Amino acid sequence: MREIQCMISEKKNMRMSSFKAPLIFCLLAAFLPLGSTIGVAFSWVIFPAIAIILTFLVSRFFYRSGVYFLVLSIVLLVLNYGIVLQYVSFAERLEFNMLLAIIGCFYMSVVFFSYKFNFSDLSKAINIVLLISIILFFIQFLSYYLFNYRIDYSLATGGIGTRNDYGSLYRASGIFNEPAEYSSAITVLVVSSYLINRKLSLLNIIALISTMLSFSFVGIIQSFFVIYIVLFRNLCRKPVYIFLIIGIVILVWISFFDLFIDRYEAFINGSDGSNNTKLDTLNFFLTHTEYLLGGAGLIGYDPETMPLFMQGLYDLTFFGSCISIFGIVIGSFIAIAVTVYIIYNYTISDMTLIFICLLKINVMIYAVYWFFIILIIILPNYIQKTKVHV
């Protein structure tokens, strides 16, 4: 009888493990945003189409909650479009950006709410995408700092090029447009892997090191806190970790002291484009009632036609972007609902890791947004089942 049960269990595991391919293409679409026409074709058409086709080949059944999520998301996006179209000054990209958001939401929902979806295959898919991103990053990083040769994946494929220079400092960003995007995406993948497996693998640690080597200010902060929070969980059982944490703090401070000082001085002097534009964006919303109440929608940013502070619309954290996109009424409701859901379903340490990721998960037109939002919605059920079977 036991042998029969084992055979049944093995067959069930084989059926469940057949979903890795759709997840790999789904994550490749979201986490390899090459900034060129070729990159756009793969990220928004080819990879999503392959992921959807493979999903339907494996199973045509989906969880009802996924259908509700998809419909509700599309209704909110269309409703927001109808509202902001009445008053926004820059409406040229509204339709296109809304389409991108719907595409990302659609293929992520199709894959993640399929009956065949399982977290074991998701974990493997995350590792594959992490490995690809890390390899591309270190090729770029080492080629510059060892051979003084610049590799720009965007330019090489016909794009406009990536933003790798910060004064005299060269900051590698892998296949992403800038170091902050790279570090934020890698942090999301590492945290997602940790929440699934409850441990940091060697690949995860190397990935976090790469975010620090990108010299992105937010990447350094995010990586440090991820490592600190994970190690902090072990302090009660192994107090020796306190020395490792102290060592990491000292090492990070010494290694990036000049970068911290430069960013602080730039912010004080008003020359830090990243942070000072956020203050201008906030002031704009406070002085324009219609934008404050109804939001600015997905208007995007065009440096040739829009004021500089509009760049800050999509860099206000997840919670700030809810308000900047949907307005203070609907946006606040979404932000509060997500916060309550996280607090109710996750431990304090897991909550902190999720909020660290949500600092930069704020652009609905990128599929990374939908990946992480859907993940934190469906993950609690898996965590609960894992606890039961332990």
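Structural data are supplied above this passage.
Our subject in this report is the structure included herewith. As the structure is a prediction and not an experimental result, all values here were calculated from the model.

Details of the packing of aromatic side chains
Right, so step 1: Taken as a whole and judged by the stated rule, the model has 31 aromatic pairs.
Right, so step 2: Ring geometry for Phe285 versus Tyr291: centroids 6.2 Å apart, planes at 80 degrees, classification edge-to-face.
Right, so step 3: Of the residues examined, Phe285 reaches a relative accessible area of 7% and is grouped as buried.
Right, so step 4: Here Tyr291 falls in the buried class, since its relative accessible area comes to 3%.

A few points about the pattern of salt bridges
Two side chains carrying opposite charge are able to pair once their charged atoms lie near each other.
Right, so step 1: In the structure shown here, the tally under the stated rule is 3 salt bridges.
Right, so step 2: Across the salt bridge formed by Arg150 and Asp165, the nearest N and O atoms sit 2.8 Å from each other. Residue Arg150 is located in the loop between α6 (119–147) and α7 (153–156), and its partner Asp165 is located in strand β1 (residues 165–166); the two are separated by 15 residues in the primary sequence.
Right, so step 3: A residue is classified by how much of its surface remains accessible, and Asp165, at 45% relative accessible area, is partly exposed.
Right, so step 4: Between Asp350 and Arg198 there is a salt bridge; the shortest N-O distance is 3.0 Å. Of this pair, Asp350 sits in helix α16 (residues 348–358) while Arg198 sits in the loop between α8 (179–197) and α9 (202–213); the two residues are 152 residues apart in sequence, bridging distant segments of the chain.
Right, so step 5: Look at Asp350 and you get buried, because its relative accessible area is 3%.

Some thoughts on unusual backbone geometry
Right, so step 1: Positive phi outside glycine occurs at Asn148, with the angle close to 55 degrees.
Right, so step 2: Assignment of secondary structure puts Asn148 in the loop between α6 and α7.
Right, so step 3: Look at Asn148 and you get exposed, because its relative accessible area is 59%.
Right, so step 4: Even without glycine at this site, Phe215 takes up a positive phi of about 60 degrees.

What counts as what
- Residues numbered from 1 in each chain as written.
- Predicted model: local features only at pLDDT ≥ 70, side-chain atom pairs only at ≥ 80, totals over all residues.
- Heavy atoms only, no water.
- Phe/Tyr/Trp six-rings, centres within 6.5 Å; stacked < 30°, edge-to-face > 60°.
- Buried < 20%, exposed > 50% of the residue type's maximum accessible area, 1.4 Å probe, protein only.
- Salt bridge = Lys/Arg side-chain N within 4 Å of Asp/Glu carboxyl O.
- Helix = DSSP H or I, 4+ residues; strand = E, 2+ residues; numbered from the N terminus.

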